[in-house]
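# Observations on chain architecture
Each chain, letter by letter, is given below.
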Amino acid sequence: AAVDPVLSLESLTVTEGLNNRDVLRSGKMEDKALEVYDVIRSIRDPEKPNTLEELDVVTEKCVEVQELCEDEYLIIIKFSPTVPHCSLATLIGLCLQVKLQRCLPFKHKLEIYISEGTHSTEEDINKQINDKERVAAAMENPNLREIVEQCVTEPDD
């Protein structure tokens, strides 16, 4: 059977249009992910004088952004504590939460996880750092709040 050249050209154009839109959306999500990474890379480790970026706790690859609807995004961060029994993993998660809530100029939902296999109690910590009530309660503790402020404040603020 002969293929109708008009029909096949039309379907090709429709398909190309979808691909271009997907490419644009993918590029937009990559830009958003870099924007998120720029916010978190300078957070300082609670124990060391280094940033989370310098310690490879966060990398560009650990940030994923998905579009939920127009002008709202889901941000997923998977960070890697420096050691599997890191006692400050929850605090690092809290710092990520606080800094992103303060600094991101767009509407978002945030999910923060410890990279699979990088911490001995990752499931418990993942629950804690994604529980809004626990995060709010932690930030009411003056000692914890002071540590978080020291970690998230930019050196030139």
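Scroll up to find the structure this text is about.
Report follows, based on the coordinates. (Residues numbered from 1 in each chain as written. Predicted model: local features only at pLDDT ≥ 70, side-chain atom pairs only at ≥ 80, totals over all residues. Heavy atoms only, no water.)

The subject of this paragraph is the pattern of salt bridges. Across all of its chains, the model carries seven salt bridges by this definition. Linking Arg41 and Asp38 is a salt bridge whose minimum nitrogen-to-oxygen distance equals 3.1 Å. Judged by relative accessible area, Arg41 falls into the partly exposed class, the value being 32%. By relative accessible area, which is 46% here, Asp38 ends up partly exposed. The shortest N-O distance in the salt bridge between Arg102 and Glu149 comes to 2.5 Å. (Salt bridge = Lys/Arg side-chain N within 4 Å of Asp/Glu carboxyl O. Buried < 20%, exposed > 50% of the residue type's maximum accessible area, 1.4 Å probe, protein only.)

Their axes nearest at 10 Å, the elements helix 2 (residues 89-103) and helix 5 (residues 142-152) cross at an angle of 65 degrees. By the angle class used here, helix 2 and helix 5 are roughly perpendicular. Along this stretch, helix 2 crosses helix 5, giving a crossing that reads as right-handed. Touching Leu91, Leu94, Cys95, Val98, Lys99 and Arg102 of helix 2 are Leu144, Ile147, Val148, Glu149, Cys151 and Val152, all from helix 5. Here the residues of the contact of helix 2 with helix 5 are counted per class, giving nine nonpolar, no polar and three charged. (Axes fitted to C-alpha atoms, helices over the stretch in contact; angles between N-to-C directions. Helix = DSSP H or I, 4+ residues; strand = E, 2+ residues; numbered from the N terminus. Parallel < 35°, antiparallel > 145°, perpendicular 65-115°, else oblique. Left-handed = near helix turned anticlockwise from the far one by under 90°. Contact = heavy atoms within 4.5 Å. Nonpolar A, V, L, I, M, F, W, Y, C, P; charged D, E, K, R; others polar.)

Time to look at unusual backbone geometry. Of note, Asp56 is a non-glycine position whose phi angle comes to about 60 degrees, a positive value. Relative to the assigned elements, Asp56 resides in the loop between helix 1 (5-40) and strand 1 (63-69).

Residues Val36, Ile40, Val63, Ile77, Phe79 and Leu96 are the most contacted members of the largest nonpolar core, which totals 40 residues. Every element with two or more residues in this core is listed here: helix 1, strand 1, strand 2 (72-79), helix 2, strand 3 (107-114), helix 3 (122-129), helix 4 (132-140) and helix 5. For this core, the element with the highest residue contribution is helix 2, accounting for eight residues. Beyond its immediate sequence surroundings of up to four residues, Ile40 is in contact with Leu52, Val58, Val63, Ile77, Leu96 and Leu100. (Core = buried A, V, L, I, M, F, W, Y, C linked by side-chain atoms within 4.5 Å.)

Extensive coverage of strand 2 is indicated by the burial of seven of its eight residues. Hairpin connection of strand 1 to strand 2: two residues between the antiparallel strands, including Asp71 at a positive phi of 70 degrees. With respect to chirality, the unit in which strand 2 leads through helix 2 into the neighbouring parallel strand 3 is right-handed. (Pairing = 2+ DSSP bridges. Right-handed = clockwise from strand over helix to strand, strands pointing away.)

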